[in-house]
Amino acid sequence: MLRRKIYNELLEWKNRRKSEQRKECLMVKGARQVGKSFIIREFGKSEYKTFIEINFIKNPEYKSIFDGSLSAVEIFKRLTATFSDVNFINGDTLIFLDEIQKCANARTAIKFLAEEFCFDVISSGSLLGLSYAQDDDDEVVEPDSIPVGYEKNIIMYSLDFEEFLWANGMNEVAIKVLKEYFESGDRIPDVINEKYENLFKEFMVVGGMPEVVADFIEHKDYNRVTETQNKILADYQDDISKHAKGAEKVKVRECYDAIPRQLSKELKKFQYSTVERGQTSKKYGGSVKWLKDSCLVNACVNVAEPYISLIGNEKQEQFKLYYNDTGLLFAAYGSQTRLALLTGTLKGNTKGGVFENVIAECLIKRGYTLHYYHPDDTHESEFLIEKNGEVVPVEVKASNSASITLNNFIKDFKPSVAYKLIGGNNGVDGVKRTLPHYMVMFI
């Protein structure tokens with residue numbers, strides 16, 4: 001089983017619900033194929049004496065459990081009648097409501113279930129980030145009431161680089177040694193640095209989708225990687241076809257397919273004209289929102305000024321989009337792009353684009369919200385994050401070229417630290433920290 005960080009988040013929720021008598025259920029959101037159902041299932045079987053999984057797609061008949069009164073007492077009666085062979089243990093039972101978007105009454109019932117402490121409830125499903133008005137699936141119906149205040153939401157992503165290292169057999173000691181180099185800024189021995197740079201390139205092309213990673217760890221076959229990644233991309237396209245509303249189906253697909261092309265150009269923002277010549281946000285703005293809400297893409301928004309709060313300084317009409325998993329981006333580009341990265345022959349804007357995509361992915365998985373700063377035609381700070389009460393710039397270089405923009409940012413805005421991520425080794429120059437790309441896992 002692949003080790004996932006979210007397991008500890010689930011355990012923390014369980015413990016705090018019990019110790020603090022928190023009236024809340026847990027909702028796990030995220031894109032398809034990131035491993036939501038698997039990790040919740042493993043958590044339920046390991047941490048509770050009784051675990052019940054209710055999947056409203058596989059077993060639509062279970063919707064009847066939530067017909068009629070939605071009080072916890074009545075629902076519990078129906079549960080025990082439906083699962084007559086299950087021993088419900090007071091305080092040590094987890095009920096997993098999977099694909100909950102298919103049962104509106106179950107979503108409404110969350111409020112009442114959260115108030116009952118004889119069992120815990122975790123829910124999950126596909127495309128839960130979408131508002132109900134965005135979903136064209138006839139079986140997805142808006143619940144009578146959203147359980148505001150009774151539902152803790154967390155987002156699950158595909159594996160990050162540290163989880164990828166765990167999957168490759170790296171232990172805590174090895175990762176701790178890397179972190180010490182991050183904290184000290186000392187030069188990393190070349191043999192260690194080269195090893196992790198190669199592993200990071202592997203991570204870029206394999207990505208973090210659990211099915212892909214597990215298969216690659218076992219077979220070390222890039223052709224199998226591509227086959228599985230293409231299947232996931234096909235599933236995403238099916239989701240768009242099934243769930244996007246009406247005319248948005250085609251437009252959402254066109255916007256999603258345009259992202260690899262845009263990353264291969266030096267564009268300062270997402271350009272609707274690359275989707276369709278002459279078009280603007282009036283036609284495609286809703287499609288971009290659909291992609292963001294579905295967790296298929298990561299967005300990075302330009303700011304008027306690089307000050308806290310970055311959200312308050314957003315130019316919402318100016319943004320960039322990145323694939324949620326860089327391995328899927330390489331699948332979209334094709335096997336020759338993957339080969340060029342692994343052999344060190346990838347050049348041009350595509351090289352810069354894939355490194356931007358993976359750093360965006362890693363920062364999102366670290367919990368940051370992404371912004372960038374583009375004050376004029378010649379300067380752009382790729383990423384700005386809020387850290388320790390200030391705005392911190394993160395510059396991305398595919399190799400180790402000059403950093404005029406970052407130097408100017410340091411001069412103008414005087415951050416206490418600024419990061420330059422490169423294909424190279426550690427370095428310190430005042431507040432500027434130069435780091436190998438893989439060190440983003442510690443930022």
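Here is a short report on the structure shown in this document.

### Quick look at the pattern of salt bridges
Thought 1: Tallying each qualifying case throughout the model produces 27 salt bridges.
Thought 2: Salt-bridge contacts for Glu 20 lead to Arg 22; the nearest nitrogen and oxygen are separated by 2.8 Å.
Thought 3: Judged by its relative accessible area of 42%, Glu 20 is partly exposed.
Thought 4: Among the residues examined, Arg 22 registers a relative accessible area of 26% and is labelled partly exposed.
Thought 5: Asp 293 is the partner of Lys 289 in a salt bridge, and the nearest nitrogen-oxygen pair spans 2.6 Å. Of this pair, Lys 289 and Asp 293 both sit in helix H11 (residues 281-293), 4 residues apart, which is roughly one turn of that helix.

### Quick notes on the environment of Ala 133
Thought 1: Looking at the secondary structure, you find Ala 133 in the loop between strand E4 (120-124) and strand E5 (151-155).
Thought 2: Here Ala 133 falls in the exposed class, since its relative accessible area comes to 63%.
Thought 3: Taking C-alpha positions, Ala 133 is 20 Å from Ala 109, a pair spaced 24 residues apart along the chain.

### Re the packing of helix H9 (residues 222-243) against helix H12 (residues 326-333)
Thought 1: Running from N to C, H9 and H12 cross one another at 95°; their axes reach a closest spacing of 9 Å. As the angle between them shows, H9 and H12 are arranged roughly perpendicular. Here Gln 229, Asn 230, Ile 232, Leu 233 and Tyr 236 of H9 come into contact with H12, specifically with Gly 327, Leu 328, Ala 331 and Ala 332.
Thought 2: A per-class count over the contact of H9 with H12 returns 6 nonpolar, 3 polar and no charged.

### Some points on the sheet that holds E5
Thought 1: Reading across the sheet, the 5 strands line up as E2-E3-E4-E1-E5 and stay open at both edges, with parallel pairing between neighbours. At either margin of the open sheet sits one strand with a lone partner, and together these are strand E2 (50-55) and E5. Each strand of the sheet is rotated relative to its neighbour by a mean of 20°, with strand direction disregarded.
Thought 2: The pairing of strand E1 (residues 25-29) with E4 spans 3 bridges and is classified as parallel. Bridged to Leu 26 within E4 is Ile 122.
Thought 3: Packing against the sheet, helix H1 (residues 6-19) makes contact with E1, E4 and E5, and its axis sits at approximately 145° to E4.

### Some words on the packing of aromatic side chains
Thought 1: Within this structure, the stated rule accounts for 25 aromatic pairs.
Thought 2: Between Phe 43 and Tyr 48, the ring centres sit 5.8 Å apart and the planes meet at 80°, which makes this aromatic pair edge-to-face.
Thought 3: Centre to centre, the rings of Tyr 373 and Phe 413 are 5.8 Å apart; their planes meet at 80°, and the pair counts as edge-to-face. Within this pair, whereas Tyr 373 is found in strand E8 (residues 371-376), its partner Phe 413 is found in helix H15 (residues 404-413), the two being separated by 40 residues in sequence.
Thought 4: Taking the relative accessible area as the measure of exposure, Tyr 373 reaches 13% and is therefore buried.
Thought 5: On the basis of relative accessibility, which here comes to 24%, the residue Phe 413 falls in the partly exposed class.
Thought 6: One Lys or Arg, Lys 292, reaches over the ring of Phe 319 and ends 5.2 Å from the middle of that ring.
Thought 7: Between Lys 320 and the ring centre of Tyr 372, over which it is positioned, the NZ or CZ distance is 4.9 Å.

### Digging into the side chain of Gln 262
Thought 1: Along the chain, the position of Gln 262 falls in helix H10 (residues 248-263).
Thought 2: When residues no more than four places from it in sequence are discounted, the contact partners of Gln 262 are Leu 267, Lys 269, Phe 270, Gln 271 and Thr 274.

What counts, and where the lines are drawn
- Residue indices follow the written sequence of each chain, beginning from 1 at its first position.
- Totals for whole chains, interfaces and linings use all residues, but because this is a predicted model, local features are given only for residues with pLDDT of at least 70 and pairs of side-chain atoms are given and counted only at 80 or more.
- Hydrogen atoms and water are omitted, and side-chain values are computed over all heavy atoms in the structure.
- Between Lys or Arg on one side and Asp or Glu on the other, a salt bridge is scored when a side-chain nitrogen of the former is within 4 Å of a carboxyl oxygen of the latter.
- Each residue's exposure class comes from its accessible area (1.4 Å probe, protein chains only) as a fraction of the maximum for that residue type: buried when under 20%, exposed when over 50%, partly exposed otherwise.
- Only DSSP runs of H or I with at least four residues qualify as helices, and only runs of E with at least two residues qualify as strands; both kinds are numbered from the N terminus onward.
- Here the axes come from fitting lines to C-alpha atoms, over the contacting stretch only for helices, and the angles between their N-to-C directions go from 0 to 180 degrees.
- Any angle that falls under 35 degrees is termed roughly parallel, while one over 145 is termed roughly antiparallel, one within 65 to 115 roughly perpendicular, and all others oblique.
- Here, residues are in contact when the closest pair of their heavy atoms is within 4.5 Å.
- Under the convention adopted here, Pro, Cys and the residues Ala, Val, Leu, Ile, Met, Phe, Trp and Tyr are nonpolar, Asp, Glu, Lys and Arg are charged, and Gly plus all remaining residues are polar.
- At least two DSSP bridges between two strands are needed for those strands to be called paired.
- Aromatic contacts are taken between Phe, Tyr and Trp rings whose centres are within 6.5 Å, Trp giving its six-membered ring; a plane angle under 30 degrees counts as stacked, one over 60 as edge-to-face, and the others as tilted.
- For a Lys NZ or an Arg CZ to count as sitting over a ring, it must be within 6 Å of the ring centre and within 35 degrees of the ring normal.

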